[in-house]
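This is what each chain is made of:
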2 protein chains.
Amino acid sequence: MDTKSRIIDISTALFQQKGYIGVGLNEILKACEISKGSLYHHFPNGKEELLIACLQSMNDVITTDIQDIFNRYPTAREATQAMIEKLTADFERDGTITGYTFSSIVSEIGALSEPIRLACASLYLNMQGIYADKLMADGLPKGAADSTALMMTAAIEGGIMLCLTQKSSGPLQTLSQVLPNTLKES
Amino acid sequence: MDTKSRIIDISTALFQQKGYIGVGLNEILKACEISKGSLYHHFPNGKEELLIACLQSMNDVITTDIQDIFNRYPTAREATQAMIEKLTADFERDGTITGYTFSSIVSEIGALSEPIRLACASLYLNMQGIYADKLMADGLPKGAADSTALMMTAAIEGGIMLCLTQKSSGPLQTLSQVLPNTLKES
DNA sequence: GTCTATAGGCAGATAGAC
DNA sequence: GTCTATCTGCCTATAGAC
């Protein structure tokens, strides 16, 4: 595997764990076992360019991941439940949630860097799109599917935030029971 | 008004707008028109101690604010709708949402500083408590009220995040239509 | 393409006069 | 209780050898 891909892979994990500002360039270099010169050779615009590459990588991984789950279950309701249960399992295992959430990145520099804000917006929209497609396949009209998909995205993002704040998977576990019910009744 | 209170008031606004890391000590000093020595006299433990004082201040303001809205409307459904509409109006006016969300603060240092994480957790629980009380007054049993209140908190927090990411009040506007319906059917 | 060395800036924090 | 001056350390970024 080439150096550039390795930098992206390792940096992606670090950004997800600690946020953009929380990870220093030196930490990335150490983790990748490369030097500063090498990093700036592959990413001439420095840390911000690296983050954008990482966001694209996250986009691919997360979209594939969610799409896979939504293909495996017959209805949006069951798929949602399975997805949230996967998140809680991740949290129980790792003590943190590394995927599906970019709130730390948005909060830190979304307001400062337009390219990064746009990359995050695209990520959220991709997730939301998968939910909406499944809801339409279930028979919901487009408008209702879009609204419901938006609420799912917001609730899951907020649920992850609550889990991190409380250091407990409780909020997501509760959501996995409540949220699918609201889908059923839509 | 004494210096300490003025520092807290001004810093609270800055932290809400730009997050914890986004605001430097020098910016706070300039906004408050004080010197570094003065700030460290009132907050010997520096920036972190100041943030905790600000979080307590936010807690008071936000709790009072939400409680006020929830007292003014007969049901949780109507109160929720009114609250979200207030948020969207704020967003339209200021271009940002300063209250009701601490996600940026949680994301930035919640994982690093235990006192700050706990202060944020307490804030979320207070909001959730107001929602739950109103839902119980509407006739929901305690368990269902707690679950629903959690979903409301998560959805609103996530909705704010989506608005900031998309630079649009659209997500919250959609939520103000979808979320109350899920309450109605609970 | 990778390295070392270093620049230059700004952060948070401290000391001590008044 | 407020001030100014200063310290130390970390950050991103660059220059230039190999």
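Residues numbered from 1 in each chain as written. Chains lettered and ligands numbered in written order. Predicted model: local features only at pLDDT ≥ 70, side-chain atom pairs only at ≥ 80, totals over all residues. Heavy atoms only, no water.

In the annotation of an unreviewed UniProt entry, chain A is listed under the name TetR/AcrR family transcriptional regulator and assigned to Paenibacillus chibensis.

1. Observations regarding the UniProt feature "DNA-binding region" (unreviewed entry) in chain A
Threshold: UniProt positions are given in the numbering used here, feature names are shortened, and annotations may be inferred rather than shown by experiment. We count a stretch as a helix when DSSP gives it H or I for four or more residues in a row; a strand needs E for two or more, and each element gets its number in order from the N terminus.
Taking the UniProt record as the reference, the feature "DNA-binding region" (unreviewed entry) is found at residues 24-43 of chain A. End C-alpha atoms of residues 24-43 of chain A are separated by 15 Å, and the span's content is 75% helix alongside 0% strand.

2. Things to note about the protein's contact with DNA strand D
Applied cut-off: Whether a residue is near a molecule or strand depends on its heavy atoms: if one lies within 4 Å, it is near. Polar contact criterion, stated in full: a pair of N or O atoms within 3.5 Å, where within protein one must be able to donate a hydrogen and the other to accept it, and residues adjacent in sequence count only if both atoms are side-chain atoms. Residues are grouped as follows: nonpolar covers Ala, Val, Leu, Ile, Met, Phe, Trp, Tyr, Cys and Pro; charged covers Asp, Glu, Lys and Arg; every other residue, Gly included, is treated as polar.
Near DNA strand D, the surroundings consist of 16 residues, among which Leu25, Tyr40 and Lys47 of chain A together with Ser35 and His42 of chain B are the closest. Backbone sugar and phosphate groups make up 55% of those atoms of DNA strand D lying within 4 Å of the protein. Take serine 35 of chain B: an N or O atom from its main chain is 2.8 Å from a phosphate oxygen of DNA strand D. In the environment of DNA strand D, a phosphate oxygen lies 3.3 Å from a nitrogen or oxygen atom belonging to the side chain of histidine 41 of chain B. At the level of secondary structure, the elements contributing two or more residues to the surface near DNA strand D comprise helix H2 (25-32), helix H3 (36-42) and helix H4 (46-72) of chain A together with helix H3 (36-42) of chain B. When residues in the surface near DNA strand D are grouped by element, the largest group, 5 residues, is from H3 of chain B. Of the residues in the surface near DNA strand D, the class split is 4 nonpolar, 9 polar and 3 charged.

3. Looking at the relation of the copies chain B and chain A
Stated formally: Least-squares superposition aligns the copies on the C-alpha atoms of those residues with pLDDT at or above 70 in both. Contacts were defined at the residue level, with two residues in contact if any of their heavy atoms lie within 4.5 Å.
By a simple turn and slide, chain B fits onto chain A: the slide is 0.0 Å along the axis, the RMSD is 0.1 Å, and the turn is 180 degrees. Look at the turn and shift together and you get a two-fold axis relating the two. Comparing contact sets, 100% of the residues at the interface of chain B also lie at the interface in chain A, consistent with an isologous, same-surface contact.

4. Concerning the pattern of salt bridges
All names here are of chain A. As a reminder of what qualifies: By definition here, a salt bridge exists when the distance from a side-chain nitrogen of Lys or Arg to a carboxyl oxygen of Asp or Glu is within 4 Å. Residue exposure (1.4 Å probe, protein chains only): buried if accessible area is under 20% of the type maximum, exposed if over 50%, otherwise partly exposed.
Counted according to the given criterion, the structure contains 18 salt bridges over all chains. Salt-bridge contacts for arginine 72 lead to aspartate 68; the nearest nitrogen and oxygen are separated by 2.9 Å. Residue arginine 72 and its partner aspartate 68 are both found in helix H4; the two are separated by 4 residues, about one turn of the helix. Residue class for aspartate 68 comes out partly exposed when judged on its relative accessible area of 39%. Beyond isolated ion pairs, a larger network of salt bridges with shared partners links Asp65, Lys86, Asp90, Arg93 and Asp94.

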